[in-house]
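Here are the chains, one letter per residue:
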Amino acid sequence: MMSHTNEAVCIKDLEAVAKNVMPSGAWGYYDSGAHDEQTKFDNANAFDNYRLHPRMLRDVSKITTQTSVLGKPVRTPLGVAPCALHKLAHAEGEAATSRAASKHGSIMILSTYSTTSMEKVIAQGSKDAQYWMQLYVYRDRSVSEEIVRRAEKAGFSALVLTVDAPVLGKRLCDARNRFNPPPHLRLENFMGPEVANSAGGYTPDLAWSKKETFGATFGANGDQSLSWENGISWLKSITKLPIIVKGIMTAEDTQLAIAHGCAGVIVSNHGGRQLDGALSTIDALPQVVDAAGDKIEVYMDGGIRRGSDIFKALALGARAVFVARPILWGLAYKGEEGAYHALDILQKELELTMMLSGTRSVDEIDESYIYQPVNRWVRYAPGSKKATGAQKKLLAKL
Ligand SMILES: Cc1cc2nc3c(=O)[nH]c(=O)nc-3n(C[C@H](O)[C@H](O)[C@H](O)COP(=O)(O)O)c2cc1C
Ligand SMILES: CC(C)CC(=O)C(=O)O
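Residues numbered from 1 in each chain as written. Chains lettered and ligands numbered in written order. Predicted model: local features only at pLDDT ≥ 70, side-chain atom pairs only at ≥ 80, totals over all residues. Heavy atoms only, no water.

The protein is annotated in an unreviewed UniProt entry as Oxidase FUB9 of Coemansia asiatica. In its Sequence similarities (unreviewed entry) section, the UniProt entry covering the protein states "Belongs to the FMN-dependent alpha-hydroxy acid dehydrogenase family." Database annotation for the protein, UniProt heading Cofactor (unreviewed entry): "FMN". (UniProt positions renumbered as here; feature names shortened; annotations may be inferred.)

Okay, structure coming up:
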């Protein structure tokens with residue numbers, strides 16, 4: 001419900017406006033999770049299973065959310081997750097998001113499938129703004145390699161390889177709408193002369209001008225044979241940029257990410273858009289943090305709609321969090337100003353939660369500030385009745 005000043009005061013307000021102003025096909029594409037959307041809803045709802053344990057009389061007159069990510073200082077542990085097609089929300093698309101993220105001091109991860117070229121996006125930010133480039137790996141590796149080269153040259157400081165989408169999840173809404181982006185939008189990261197040439201005619205048209213839908217074409221270009229060896233090791237061999245793997249949900253894969261020399265992992269289920277039935281990310285986070293130790297940085301995304309959600313993720317060991325849909329809703333609401341507003345709402349709510357719980361810096365926010373659900377999802381390793389490390393810790397609390 002919007003206030004009488006017509007200003008969105010919380011992320012739910014932004015969602016309501018976006019739903020109202022966006023065409024239904026575009027809204028459906030942004031909103032939908034896979035299949036019955038269990039995981040999409042779990043992502044947001046699971047935060048409610050964690051409750052706060054606030055401390056009083058701590059002198060909270062000066063607090064800071066300043067932290068560091070990959071060794072570089074950032075104003076806040078709140079960043080922008082990569083999402084395709086920002087121009088579905090607003091004509092200025094990713095350029096507007098870039099200005100908003102830069103002004104806010106938030107890291108922006110740019111989707112390969114952006115509707116504004118990576119060079120234009122990064123040019124919108126201030127010199128000290130941080131940008132990471134999200135990648136998919138294509139059957140034709142030269143397409144991926146060209147994107148890496150352009151990202152290096154343009155000044156992106158890390159690569160985010162999304163690994164949870166060998167094919168696109170089954171999104172009922174998009175299937176019913178046979179969703180395809182409007183023809184005036186272009187996937188500008190595939191339009192550079194280098195990419196177009198080396199890919200032998202891989203043009204933006206490939207994305208949706210054929211009879212296939214956007215989703216089907218995505219699957220046709222992606223490399224389903226991707227593995228730790230032929231994916232991560234290959235990427236490491238062609239770039240010196242730090243590699244962050246996005247879409248990790250287990251301790252096992254975290255160990256593999258460490259073994260393959262990744263700099264970080266993003267605990268993510270793609271906003272519930274891929275494997276419906278996967279655990280919510282806040283519930284998956286502890287096992288990843290456990291497995292990561294201090295060897296690799298752990299970030300998370302999915303379902304963050306309030307500052308207290310960020311607080312809970314930090315308390316469980318995330319170094320930073322990223323949001324996707326709230327930014328798109330902000331963009332649909334008021335372009336750059338709306339995207340900034342989405343970040344500002346979450347930032348101020350995080351600061352409020354910190355003050356009300358007696359924490360003055362991100363470092364201070366740890367497990368001692370929250371109550372965790374116990375005995376919710378337990379998984380035993382194949383063939384073993386013995387609990388693993390993370391489960392033992394949980395069981396010990398019962
Ligand atoms: C419309 C939309 C497009 C997305 N596009 C991408 C993408 O191109 N690459 C990617 O790695 N993740 C993509 N994602 C997933 C987000 O990066 C993120 O993992 C997820 O949406 C976070 O959950 P939230 O939307 O609840 O904040 C997309 C998500 C949405 C909603
Ligand atoms: C279809 C992809 C290009 C974008 C994506 O990852 C998504 O829609 O979730």
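Colleague: Could you give an account of the overall build of the protein, with specific residues and numbers?
Modeller: Looking only at helices and strands, the protein features 16 helices and 12 strands. For 398 residues, the compact-globule estimate of 2.2 N^0.38 gives 21 Å, and the C-alpha radius of gyration of the protein, at 20 Å, lies within 12% of that figure. Dimensions of the protein along its principal axes, counting C-alpha atoms only, are 60 × 60 × 40 Å. Within the protein, the fraction of its 398 residues that count as buried is 55%. Considering only intrachain contacts with a sequence separation of at least 6, the fraction spanning at least 24 residues in the protein is 74%. Per element, the accessible surface of the protein, about 17300 Å² overall, is 54% carbon and sulfur. Of the side chains in the protein, 46 bear a positive and 43 a negative charge, and the two mean positions are spaced by 2 Å. (Helix = DSSP H or I, 4+ residues; strand = E, 2+ residues; numbered from the N terminus. Rg over C-alpha atoms; globule rule 2.2 N^0.38 Å. Buried < 20%, exposed > 50% of the residue type's maximum accessible area, 1.4 Å probe, protein only. Contact = heavy atoms within 4.5 Å. Areas by Shrake-Rupley, 256 points an atom, 1.4 Å probe, with all protein chains shown as cover. Lys, Arg positive; Asp, Glu negative; His and termini not counted. Charge placed at Lys NZ, Arg CZ, Asp CG, Glu CD.)

Colleague: Requested: an account of unusual backbone geometry, with residues and values cited.
Modeller: Although it is not a glycine, Leu-57 adopts a positive phi angle of roughly 55°. Assignment of secondary structure puts Leu-57 in the loop between β1 (51-52) and β2 (67-69).

Colleague: Account for the nonpolar core, with residues named and values stated.
Modeller: Counting residues in each nonpolar core, the largest one holds 98 residues, and the members touching the most others are Tyr-113, Met-133, Leu-235, Ile-282, Leu-285 and Met-300. Tallying contributions element by element places helix α15 (residues 325-357) first for this core, with 13 residues. Non-local contacts of Met-300, meaning those with residues more than four positions away in its chain, are made with Phe-47, Ile-266, Val-267, Thr-281, Ile-282, Leu-285, Ala-313, Ala-318, Ala-320, Val-321 and Phe-322. In this structure, Ala-158, Val-160, Ile-244 and Ala-320 belong to the second largest nonpolar core, which totals 13 residues. (Core = buried A, V, L, I, M, F, W, Y, C linked by side-chain atoms within 4.5 Å.)

Colleague: How would you explain the pairing of strand β11 (residues 320-323) if you had to name every residue and give the values?
Modeller: Burial along β11 is two-sided: Ala-320 and Phe-322 facing one way and Val-321 and Val-323 facing the other are all buried. Pairing of strand β4 (residues 78-80) with β11 involves three bridges; the strand directions are parallel. Pairing of Val-80 across the sheet is with Val-323, part of β11. By the bridge criterion, three bridges tie strand β10 (residues 297-301) to β11 in an arrangement that is parallel. When the bridges of β11 are listed, Met-300 appears paired with Val-321. Note on the crossover from β10 through helix α14 (residues 307-315) to β11: the handedness is right-handed. (Pairing = 2+ DSSP bridges. Right-handed = clockwise from strand over helix to strand, strands pointing away.)

Colleague: An account of the environment of Glu-37 is requested, with residue identities and associated values reported.
Modeller: Structurally, the position occupied by Glu-37 is in the loop between α2 (24-31) and α3 (38-45). Sequence separation between Glu-37 and Leu-350 is 313 residues; the distance between their C-alpha atoms is 27 Å. When near neighbours in sequence (up to four residues on either side) are disregarded, Glu-37 contacts Asp-31, Ser-32 and Asp-276.

Colleague: Any details on the site of ligand 2? Residues and values, ideally.
Modeller: Surrounding ligand 2, one finds Tyr-29, Ala-84, Tyr-113, Tyr-136, Leu-168, Arg-171, Phe-214, Phe-218, His-270 and Arg-273. Between ligand 2 and the protein, one listed contact pairs an oxygen atom with a side-chain N or O atom of Tyr-29 at 2.6 Å. Note that an oxygen atom of ligand 2 is positioned 2.8 Å from one of the side-chain N or O atoms of Arg-171. Taken together, the residues of the shell around ligand 2 sort by class into seven nonpolar, one polar and two charged. (Near = heavy atom within 4 Å. Polar contact = N/O pair within 3.5 Å; in protein donor to acceptor, adjacent residues only side chain to side chain. Nonpolar A, V, L, I, M, F, W, Y, C, P; charged D, E, K, R; others polar.)

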